[in-house]
Structures are given as structure tokens and as C-alpha cells.
Amino acid sequence: QKEVEQNSGPLSVPEGAIASLNCTYSDRGSQSFFWYRQYSGKSPELIMSIYSNGDKEDGRFTAQLNKASQYVSLLIRDSQPSDSATYLCAVNLRGSTLGRLYFGRGTQLTVWP
Amino acid sequence: EAGVAQSPRYKIIEKRQSVAFWCNPISGHATLYWYQQILGQGPKLLIQFQNNGVVDDSQLPKDRFSAERLKGVDSTLKIQPAKLEDSAVYLCASSLEGIEAFFGQGTRLTVV
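So, here is what we can say about the structure in this document. Note that the coordinates shown come from a computational prediction; the quantities given were computed from them, not determined experimentally. (Residues numbered from 1 in each chain as written. Chains lettered and ligands numbered in written order. Predicted model: local features only at pLDDT ≥ 70, side-chain atom pairs only at ≥ 80, totals over all residues. Heavy atoms only, no water.)

1. Here's the deal with unusual backbone geometry
- In this model, Ser-7 of chain B is joined to Pro-8 of chain B through a cis peptide bond whose omega is -5°.
- Its location among the elements puts Pro-8 of chain B in the loop between β1 (5-7) and β2 (10-13).
- Along the chain, Gln-80 of chain B connects to Pro-81 of chain B via a cis peptide bond; the corresponding omega equals -5°.
- When you line up the elements, Pro-81 of chain B lands in the loop between β8 (75-79) and β9 (88-95).
- The phi angle at Asp-78 of chain A is positive, at roughly 45°, despite the residue not being glycine. (Helix = DSSP H or I, 4+ residues; strand = E, 2+ residues; numbered from the N terminus.)

2. Regarding the interface of chain A and chain B
- Counting from both sides, the interface comprises 18 residues of chain A and, opposite them, 24 residues of chain B.
- Considering only the surface of chain A that becomes buried against chain B, Arg-100, Phe-103 and Arg-105 of chain A emerge as the three largest contributors, covering 28% of it.
- Across the chain A-chain B interface, the total number found is 1 salt bridge.
- One salt bridge in this structure joins Asp-56 of chain B and Arg-100 of chain A, with 2.9 Å as the shortest N-O distance.
- On inspection of chain A and its partner chain B, the count reaches 8 residue pairs in polar contact (both at pLDDT 80 or more).
- If you list the elements that add at least two residues to the side of chain A that touches chain B, you get β4 (32-38) and β5 (45-50) of chain A.
- Examining the composition of the side of chain A that touches chain B, we find that 3 residues originate from one element, β4 of chain A, more than from any other.
- Of the residues contributing to the side of chain A that touches chain B, the split by class is 9 nonpolar, 7 polar and 2 charged. (Contact = heavy atoms within 4.5 Å. Buried area = accessible area lost by both parts, 1.4 Å probe. Salt bridge = Lys/Arg side-chain N within 4 Å of Asp/Glu carboxyl O. Polar contact = N/O pair within 3.5 Å; in protein donor to acceptor, adjacent residues only side chain to side chain. Nonpolar A, V, L, I, M, F, W, Y, C, P; charged D, E, K, R; others polar.)

3. What to know about the state of the cysteines
All names here are of chain A.
- Within the structure shown, the criterion is met by 2 disulfides over all chains.
- Here Cys-23 engages in a disulfide with Cys-89; their sulfurs sit 2.1 Å apart. Disulfide Cys-23 to Cys-89: torsion about the S-S bond roughly -70°, handedness left-handed. You can see Cys-23 sitting in strand β3 (residues 19-25) and its partner Cys-89 sitting in strand β9 (residues 85-92), a full 66 residues away along the chain. (Disulfide = S-S within 2.5 Å.)

What follows is the structure, encoded as C-alpha cells:
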């Protein structure tokens, strides 16, 4: 099993809809989870971090973590065309150096007007 | 607050040539990372520094890649000699306490 896996997409949603992005990871003991947004030709931008089971909300973004299922997701409410980007899930896996991130391949999201 | 600075932004070299990339992290950030991102993939860690010491270089191809971080601030990543498969974006990131990492704009390397 790959260390961090994301649904490959691409994902296409209409403006105003909820976009749901999913990620699974290999090691149940992992503690730190991040979502990065990457526009085409740009570098990754940190948009959410989550460390505890449950939901964490920041504006239109909600991160959900279920450590027992080794699953982390990102919900984008009221999606806007400006949300069109690749979303990268990153995990600091158990046993790795603090801060060392393992990334998924990313899910490309397109929000159409 | 200034972000992570990288240079150059773009570089085109022939295979077997050498190339160097420079990174200046966010002020006060002790942890510095170099990631390689190949087109269509997520970033992959090459090396991680804590101050000026290496804490993880397990994925660095040491026969051709080297990196240093003098005085615990700026860092350089060098490739010598370059191969075609080294074509990628090289991303530098830094973090304050080794947790949330912030990326620079990257250097896009093309090896021909």
C-alpha cells in the first residue's frame, strides 16, 4: 500500500456545490495531517492542518479526520471557480522525522460556473 | 512576513551538467526542507535540516545530489551530474517547529 493515497480525480463540481476530497494513509499511529492547495505552475499553499479526530472548520473549508479508519478528508462548501486547483494531502507518518511530509499524488478539482 | 525565497525560478541544462539551487527560509524557521516534485506527482522529500544539521536524507540520491545549510539559514541544493529524470520542480520549504511547512515558489529544472 502506498503511504498516502488520494482519489485521483479529476473532480468537477458546479459553482456553489460542496467538493469532497479524500485521502487515506498507511500508518494508524500518524499524528499530523495537512491539506495543501496547488494552482497550476505554482507551489503548494497550506490551507488546513488537523491533528485530532473529528472536524476542523476554517471558513468554507472543513477537514475531517478519522484515525481509526486512517482517513482524512477536505470539504469545500460553496465552491468557487477560484477553488479550481490540485489539492494535496500530506501526512507526517508515524516513525518519520517530525515535520517530514509524505504527499499523495493530488486531486485535481475544477469548479465550473 | 517574507516567505521562503528561492532562485533561480527556471533552469535549463544539458544532461551531465551541474546545477545549484538556493533557498532562504522564513526568518526564524529552524527546519528547512528540499522537496522534488515531478509533473503529476506530489512532492517527495529529498533532505530535511534542523538548523544546520541533517535530520533526514534517506531519499537523497547521494551519488549526484548534495545539499548544505550554512549557519542554519540559507541552503543550497546541487545536482552533479544531472540526468534527464532530474527534470522536476525543486521546492524549498521551512517550518518554525517542524510542524506546518511553508513552501517557496520553486525552481523548475529542465534537463535536455
